[in-house]
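Here is how the chains run, residue by residue.
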Amino acid sequence: MTTTPHLREAPDATLLIRFGRALHEAGTAAPQLESALARLARRLAVQAQFFSTPTSLFIAFGDGIDQRTHLERVSPGEIDLGRLADLENLLERLTSGELSSAAANAELDALERRPLRYPRGLTGLCWGLASATSAVFLGGTLREVAVAGLVGLLTGILAWLAERRPSAERLFEPFAAAFAAFSAAAVAHAFPPLSAYIATVAGLIVLLPGYTLTTALSELATRHLSSGTSRFAGALVTFLMIGLGVAVGGRIAEAIWGGVPGVIPLGPPTWLQLAALLVAPLALAVLLRAPRSEMPWIVLVGAIGYFGGRFGVEAFEPAVGMFFGALSVGLAAAAYARLRKRPASVALVPGILMLVPGSIGYKSLTALLAAEVVPGIETAFRMLLVASSLVAGLLVASALTVASRER
């Protein structure tokens, strides 16, 4: 009969727990997290089962009636691509026998003490750059790009201030959304013509949980039902909180200056689109703390995904066309992983973020808040179709690359 040792007497079990927590806090989705821990458990000869949700990690050691379950309560962490790459490298060396458990524990200690990869000032600037480039992709002119960049920059500063106060951090999304809607409306009245809608959506693009929604659907598609359902519910609540903030900010601006006139922008010039295609992946890579050495590859994979998605949208409808964008990103990221010996997620996540349907979800909420129920529901359904199309593209890319590796 197998008995489970106390964790104080089982350093390998403790290493497994530490590794799981580190991966979770770096933003690893449930399928990848549980798969990585299973690999490590086989290497350490520790009998264990794993169950991950966005706020907890269960590890059951042993078998049968002697099984002992350990619970790690964790907060949903922001994606840290640099730390994920370091952890993947550490896992590879550990499972190959190149590294001992004691040395792996020492490297985990060093990773926990490592300072932020990028300074706060650069991170705040990239909030503004991500918003400005999103305004370009949404069809804005230089006016919308400038306003969205300013709103995004100020939102990044607010995010940094909110991190220092946990009570304020819980109210950050609705407050930032109200600020963005009010600021865009104020500029639209002071310096017309300006599309307040594009400026607001682009200014909030970093906060919109489009990627969380896509990850949730991916987890549901791979039968990680508990984690996928929790993450899906969290994304919907975030959408609702942002929609509430936008409604409050817009109503305050309307009470002061009156309604914002509707404006249809003429669209950005070609040179601005090309510049945005270069800057957007770099800004997202900084926000996701990707390694500096991988920046050129991140830009390349992002461009491949953008043009793949553009081809799909022009050849088919947007809900189907995004499948080709996700497929292109998935295949390009797999090729990057084989070439650079890095996790595919380093290049995959910024590329997918350029395709996720966050702005469609925002549009659905604004329609529902304006009592336009049928258009709002139709837009929400379209958002789910686009997210499902992205997930399907990623799953097909994963299946193709796995089959290639097996051959």
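See the structure printed just above.
Read on for a plain summary of the structure. Please read these numbers as outputs of a predicted model, since none were measured by experiment.

### Some details on unusual backbone geometry
- Note that the residue after proline 192, namely proline 193, is joined by a cis bond; omega there is -5°.
- Of note, proline 193 is situated in the loop between α8 (172-190) and α9 (196-203).
- Here the phi dihedral of alanine 45 falls at roughly 60°; this positive angle occurs in a residue that is not glycine.
- Relative to the helices and strands, alanine 45 resides in the loop between α2 (30-44) and β1 (48-53).
- Positioned with a positive phi, arginine 289 is a non-glycine residue whose angle comes to about 60°.

### Here we look at the environment of threonine 55
- Following the sequence through the fold, threonine 55 ends up in the loop between β1 and β2 (56-61).
- Separated by 18 residues in sequence, threonine 55 and arginine 73 have C-alpha atoms that sit 6.1 Å apart.
- When residues no more than four places from it in sequence are discounted, the contact partners of threonine 55 are His24, Glu72, Arg73, Val74 and Pro76.

### Regarding the packing of aromatic side chains
- Scanning the entire structure with this criterion turns up eight aromatic pairs.
- On the basis of an interplanar angle of 50° and a centroid distance of 6.4 Å, the ring pair of tryptophan 297 and tyrosine 336 is categorised as tilted. Separated by 39 residues along the polypeptide, tryptophan 297 in helix α13 (residues 295-315) and tyrosine 336 in helix α14 (residues 318-340) bring together distant segments of the chain.
- Residue classification places tryptophan 297 among the partly exposed positions, given a relative accessible area of 27%.
- When its relative accessible area of 3% is taken as the criterion, tyrosine 336 is described as buried.
- Look at phenylalanine 323 and phenylalanine 324: their rings are 5.4 Å apart centre to centre, the planes differ by 85°, and that puts the pair in the edge-to-face class.
- When its relative accessible area of 25% is taken as the criterion, phenylalanine 324 is described as partly exposed.
- Linked through ring pairs, Phe311, Phe316, Phe323 and Phe324 together constitute an aromatic cluster.

### Structural notes on the nonpolar core
- Grouped together as the largest cluster of nonpolar side chains are 85 residues, with contacts concentrated most on Leu16, Phe19 and Leu108.
- Core analysis: the second largest hydrophobic core is formed by nine residues, Ala132, Ala135, Ala148 and Ala276 among them.

Rules used throughout
- Residues numbered from 1 in each chain as written.
- Predicted model: local features only at pLDDT ≥ 70, side-chain atom pairs only at ≥ 80, totals over all residues.
- Heavy atoms only, no water.
- Helix = DSSP H or I, 4+ residues; strand = E, 2+ residues; numbered from the N terminus.
- Contact = heavy atoms within 4.5 Å.
- Phe/Tyr/Trp six-rings, centres within 6.5 Å; stacked < 30°, edge-to-face > 60°.
- Buried < 20%, exposed > 50% of the residue type's maximum accessible area, 1.4 Å probe, protein only.
- Core = buried A, V, L, I, M, F, W, Y, C linked by side-chain atoms within 4.5 Å.

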